Amino acid sequence: MSVGYLFPHDHIQIVGNTDVFFNPCKRLLECSELLMRVQTAKHTVDIWGEHLTATDFGKDGLHIEGKIATIELDGGLQ
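Now for a description of the structure that goes with this document.

What counts and what doesn't
Residues numbered from 1 in each chain as written. Predicted model: local features only at pLDDT ≥ 70, side-chain atom pairs only at ≥ 80, totals over all residues. Heavy atoms only, no water. Pairing = 2+ DSSP bridges. Helix = DSSP H or I, 4+ residues; strand = E, 2+ residues; numbered from the N terminus.

## Observations regarding the pairing of strand β5 (residues 35-39)
Summarising the sheet, strand β4 (residues 27-31) and β5 pair through four bridges and their orientation is antiparallel. Residue pairing for β5: Cys 31 is matched across the bridge by Met 36. Joining the antiparallel neighbours β4 and β5 is a turn of three residues. One ladder, built from five bridges, connects β5 with strand β6 (residues 44-58); its direction is antiparallel. By the bridge assignment, Arg 37 is partnered in β6 with Asp 46. Between β5 and β6, which pair antiparallel and follow one another directly, the connecting turn spans four residues.

Function cannot be inferred from these measures alone, as they are strictly geometric.
Below, the structure written as structure tokens:
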């Protein structure tokens with residue numbers, strides 16, 4: 001199952017609980033096996049899970065894969 005979200009200037013595609021694609025990705029703010037924090041054009045997105053890896057990081061975007069548990073947009077609920 002694939003779900004795509006199109007925010008102004010940001011495209012985020014979630015495929016199952018194993019893959020997230022960002023286009024564009026301005027910066028990878030934090031990178032560990034448990035948390036990937038991504039800065040897109042307009043948002044900060046936290047990907048929480050297990051065995052997370054960042055691949056295909058370039059001008060066209062970023063691919064995060066692993067066992068994804070939670071995705072928080074702009075810090076989640078506060």
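Having put the structure on the table, let's press on.
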